[in-house]
Amino acid sequence: LNFITKSTIIKILSFMPLFLQALQLEGIPPHKLSTKVNMLRTGTGIKLFSIDQYHDIFLNMSKAMQGLIKEYYIDTHRNNFQIIMRQMIKHGHEDFKNHDPNDKTLLFKLSENFLRAQLSSAFGLQVFDTFISKVINTLQSEVERFRNKKAILNLLTTYNPDLTVTQLHDENSAIDNQIMLGNKAHWLKRLSSFGFPVPKGLVITTEVYRCTEAILGYKNILKNLYKRVTVEISKLERATGKKFGSPQNPLLLSVRSGAAISMPGMMDTFLNVGINREICEGLSRQKHFEWAAWDCYRRFLQTWGMNEGLDRNFFDRIIEDFKVKFCVTKKLLFTPIQMKEIALTYCDEIKKQGIKVSDNPMEQLKYAIIQTFKSWNSERARLFRRQMNISDEWGTAVTIQKMVFGNLNEESGSGVTFTRDPDSPDSEIKLFGDFFFGVQGEDIVSGLIETYPISEAQRIKERRNSDISLESHFPKIYNRLVKLSTDLIKQKGFSHQEIEFTFENDTSDGLYILQM
């Protein structure tokens, strides 16, 4: 009851019959209260029933409760009590020796104590009264907080916190649709249900976006949302065997937007959330992460800095300076010590721009969630929607997943593939796309690096200068992609797709599907 929405009112309604039954057991007919409960039930069925109207109903409940207390407790004892007390004082009852039977202050005090004892001993009465009072106080607080923002107040009455967060790998009939989950998470959930290798994670639904102003304007609602996210992160920790914020065995997260209608590249993405220098030091001592840990930290700092207004060139200049300094042509050729120096330089240069990067993993996650929701209304996203005739009302969900690492070494990588040749009328499964090793997915989709083809047929058709393809150099990854594509299209009946993937090693088990 720290905040009240329509779903809270529905839960309150489920308890009302128990309170009314308790009054009946005490011998109090609850007819007047029953009428108010029926009004409340009717209100929940009306789409635009306002928070002020709910407030009025509970105030009337409180008045009815006070009427019952007066009728069945105060009025019943008021006249007789003073007569009895005077007699007890007059006849020297041991509890009232040396008291004046005409002392009205004493009689009032004794009456008050007696009535309090009666009310507290009544079955359910005081609990019910306290419960209604707390509801009224919370509703009053909400009305006062948003008195000049009626639109937000009306949003609050429709907000359902039970529809805000779900695991990617769990079924939830109330949430599992494209509007609530967004396009990206909806299809990832479908793929997960087919047994495809989708990194484990959770989704914060468009229910949060829809009520963003109310959530950000009311700390109790925001606190409740973060509590729900924390519960789901704990489930993710158990599922992955990793610990968010642990230097020894860290769980790093990607935080991505996901609108119901796809808007590729228009909103913010955060990679490697949950990392800081201490965690990076610990991660760098793990096998295969000597170089990758510092590359992950560098990438995290870049996504944070770009969200705060720095452009990509700011970071590219730093990398280019270090390539000249250490005489290397590709990032993978930096030594772990050199990559550490680059990452720490990123950190220092960002601070010089007046940007504070939180070292607290949970604060990083909270920041990334809010900024991803806000990016729906960024200038580039609004411009894209205008050009594509997409309504602003759709909003976005936020997908949070365990990071998978295509940047471990030259045995790992990331790519994007079509399940057929997009330039051919042939509908047979033939993988065509781009990949590179030693990178995370953003490098591929942003078009910042020169990539290699997926299949040998593509390499020959496009007359690539290199003899490298995913099929020739990573046949197990390629073959599994072919199998998954065949299952999806031939067995599940899907149309041809574009698939984003990452692989952490050159075995078929190293492959993960990130988006479809």
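Look above for the structure.
My aim in this report is to walk through the structure given alongside it, one point at a time. (Residues numbered from 1 in each chain as written. Predicted model: local features only at pLDDT ≥ 70, side-chain atom pairs only at ≥ 80, totals over all residues. Heavy atoms only, no water.)

Structural notes on the side chain of Thr303
Link 1 in the chain: Here Thr303 is to be found in helix α12 (residues 292-307).
Link 2 in the chain: We classify Thr303 as buried; its relative accessible area is 15%.
Link 3 in the chain: Those residues in contact with Thr303 that sit more than four places away from it in its chain are Thr269, Phe270 and Leu271. (Helix = DSSP H or I, 4+ residues; strand = E, 2+ residues; numbered from the N terminus. Buried < 20%, exposed > 50% of the residue type's maximum accessible area, 1.4 Å probe, protein only. Contact = heavy atoms within 4.5 Å.)

Describing the layout of surface pockets
Link 1 in the chain: Considering only enclosed or pocket space, the second largest pocket measures out at about 440 Å³ in volume.
Link 2 in the chain: The wall of the second largest pocket is formed by 17 residues, among which Leu1, Asn2, Phe3, Asn224 and Arg228 lie closest to the centre.
Link 3 in the chain: It is helix α10 (residues 219-240) that contributes the most residues to the lining of the second largest pocket, 6 residues altogether.
Link 4 in the chain: Looking at side-chain class alone, the lining of the second largest pocket contains 7 nonpolar, 5 polar and 5 charged residues. (1 Å grid on protein atoms, 1.4 Å probe; cavity = no way out; pocket = protein on both sides within 12 Å on 5 of 7 lines; lining within 4 Å. Points joined across faces, edges and corners; volume = space filled by probe spheres on them. Nonpolar A, V, L, I, M, F, W, Y, C, P; charged D, E, K, R; others polar.)

Notes on a nonpolar patch on the surface
Link 1 in the chain: Judged by side-chain polarity, Ile179, Ile261 and Trp394 come together as a nonpolar surface patch covering roughly 250 Å² of accessible area.
Link 2 in the chain: Among the structural elements, Ile261 can be located in the loop between β3 (253-259) and β4 (269-273).
Link 3 in the chain: Note on Ile261: relative accessible area 31%, which makes it partly exposed. (Patch = residues over 30% accessible without salt bridge, like charges linked within 9 Å, V, L, I, M, F, W, Y side chains within 5 Å. Areas by Shrake-Rupley, 256 points an atom, 1.4 Å probe, with all protein chains shown as cover. Salt bridge = Lys/Arg side-chain N within 4 Å of Asp/Glu carboxyl O.)

Structural notes on the sheet that holds strand β8 (residues 452-453)
Link 1 in the chain: In spatial order, the strands read β8-β7-β6-β9-β10; together these 5 strands make up an open sheet with antiparallel pairing. Looking at the sheet topology across the chains shown, the edges are occupied by β8 and β10 (511-515).
Link 2 in the chain: The sheet contact formed by strand β6 (residues 413-418) and strand β9 (residues 498-503) spans 6 bridges and is antiparallel. Across the sheet, residue Gly413 finds its bridge partner in β9, namely Phe503.
Link 3 in the chain: Running over the sheet, helix α20 (residues 475-491) touches β9 and β10 and is turned about 50° from β10. (Pairing = 2+ DSSP bridges. Axes fitted to C-alpha atoms, helices over the stretch in contact; angles between N-to-C directions.)

Details of a positive patch on the surface
Link 1 in the chain: Taken together, the side chains of Arg145, Lys219, Lys223 and Lys227 present a region of like positive charge at the surface.
Link 2 in the chain: If you tally residues by element for the positive patch, the top one is α10, at 3 residues.
Link 3 in the chain: Along the polypeptide, Lys227 turns up in helix α10. (Lys, Arg positive; Asp, Glu negative; His and termini not counted. Charge placed at Lys NZ, Arg CZ, Asp CG, Glu CD.)

A few points about the pairing of β3
Link 1 in the chain: Where burial is concerned, most of β3 is hidden: 7 out of the 7 residues are buried.
Link 2 in the chain: Alternating residues of β3 divide into Leu253, Val255, Ser257 and Ala259 and Ser254, Arg256 and Gly258, and every residue in both groups is buried.
Link 3 in the chain: Bridging between β3 and β4 involves 3 bridges; their strand directions are antiparallel. Paired with Val255 across the strands is Phe270, a residue of β4.
Link 4 in the chain: Of the pairings in the sheet, the one linking β3 to strand β5 (residues 396-402) comprises 7 bridges and is antiparallel in character.

What about the side chain of Arg256?
Link 1 in the chain: Looking at where Arg256 falls in the secondary structure, it is placed in strand β3.
Link 2 in the chain: A relative accessible area of 10% places Arg256 in the buried class.
Link 3 in the chain: Apart from residues no more than four positions distant in its own chain, Arg256 is found in contact with Lys184, Asp268, Thr269, Leu271, Thr372, Ala397, Val398, Thr399, Glu442, Glu500 and Leu514.

Observations regarding the sheet that holds β4
Link 1 in the chain: Strand order in the open sheet formed by 5 strands is β1-β2-β5-β3-β4, and the pairing between neighbours is antiparallel. Two strands bound the open sheet, and with one partner strand each, they are β1 (165-167) and β4. Taken pair by pair, the neighbouring strands of this sheet meet at an average axis angle of 20°, ignoring direction.
Link 2 in the chain: The strands touched by helix α7 (residues 178-193) within the sheet are β1, β2 (201-204), β3 and β5, with β3 carrying the most contacts at an inclination of about 120°.
Link 3 in the chain: Each of β1, β2, β3 and β5 is contacted by α10, which is oriented at about 5° to β1, the strand it contacts most.

Concerning the pattern of salt bridges
Link 1 in the chain: Within this structure, the stated rule accounts for 24 salt bridges.
Link 2 in the chain: Among the ionic pairs, Glu349 bridges to Lys352, the shortest N-O distance being 3.2 Å. With a gap of 3 residues between them, Glu349 and Lys352 both fall in helix α14 (residues 336-352), about one helical turn apart.
Link 3 in the chain: We classify Glu349 as partly exposed; its relative accessible area is 24%.
Link 4 in the chain: Here Asp426 makes a salt bridge to Lys430, at a shortest N to O gap of 3.1 Å.
Link 5 in the chain: A residue is classified by how much of its surface remains accessible, and Asp426, at 29% relative accessible area, is partly exposed.

Some points on empty space enclosed by the protein
Link 1 in the chain: Summed over all chains, the structure comprises 3 cavities of 30 Å³ or more.
Link 2 in the chain: There is about 90 Å³ of room inside the largest cavity.
Link 3 in the chain: Forming the boundary of the largest cavity are 13 residues, of which Ser254, Arg256, Met403, Val404 and Leu514 lie nearest the centre.
Link 4 in the chain: Within the residue set of the lining of the largest cavity, elements represented by two or more residues are β3, β5 and α17 (441-445).
Link 5 in the chain: Partitioning the lining of the largest cavity into residue classes produces 5 nonpolar, 5 polar and 3 charged.

Regarding unusual backbone geometry
Link 1 in the chain: Positive phi, close to 60°, is recorded for Asn272, a residue that is not glycine.
Link 2 in the chain: Residue classification places Asn272 among the buried positions, given a relative accessible area of 0%.
Link 3 in the chain: With phi around 75°, His288 is a residue other than glycine that occupies positive phi space.
Link 4 in the chain: By secondary structure assignment, the location of His288 is in the loop between α11 (277-284) and α12.

Here's the deal with helix α5 (residues 125-145)
Link 1 in the chain: If you check α5, its first and last C-alpha atoms are 31 Å apart, about what 21 residues at 1.5 Å a residue would give, namely 30 Å.
Link 2 in the chain: Turning to α5, its buried residues are Leu125, Phe128, Asp129, Phe131, Ile132, Val135, Ile136, Thr138, Leu139, Glu142 and Val143. (Expected span 1.5 Å × (residues − 1).)

Topic: the state of the cysteines
Link 1 in the chain: One pass over the structure, following the stated rule, counts 0 disulfides.
Link 2 in the chain: Among the cysteines around Cys347, which has no disulfide bond, Cys280 carries the closest sulfur, lying 11 Å off.
Link 3 in the chain: Look at Cys347 and you get buried, because its relative accessible area is 15%. (Disulfide = S-S within 2.5 Å.)

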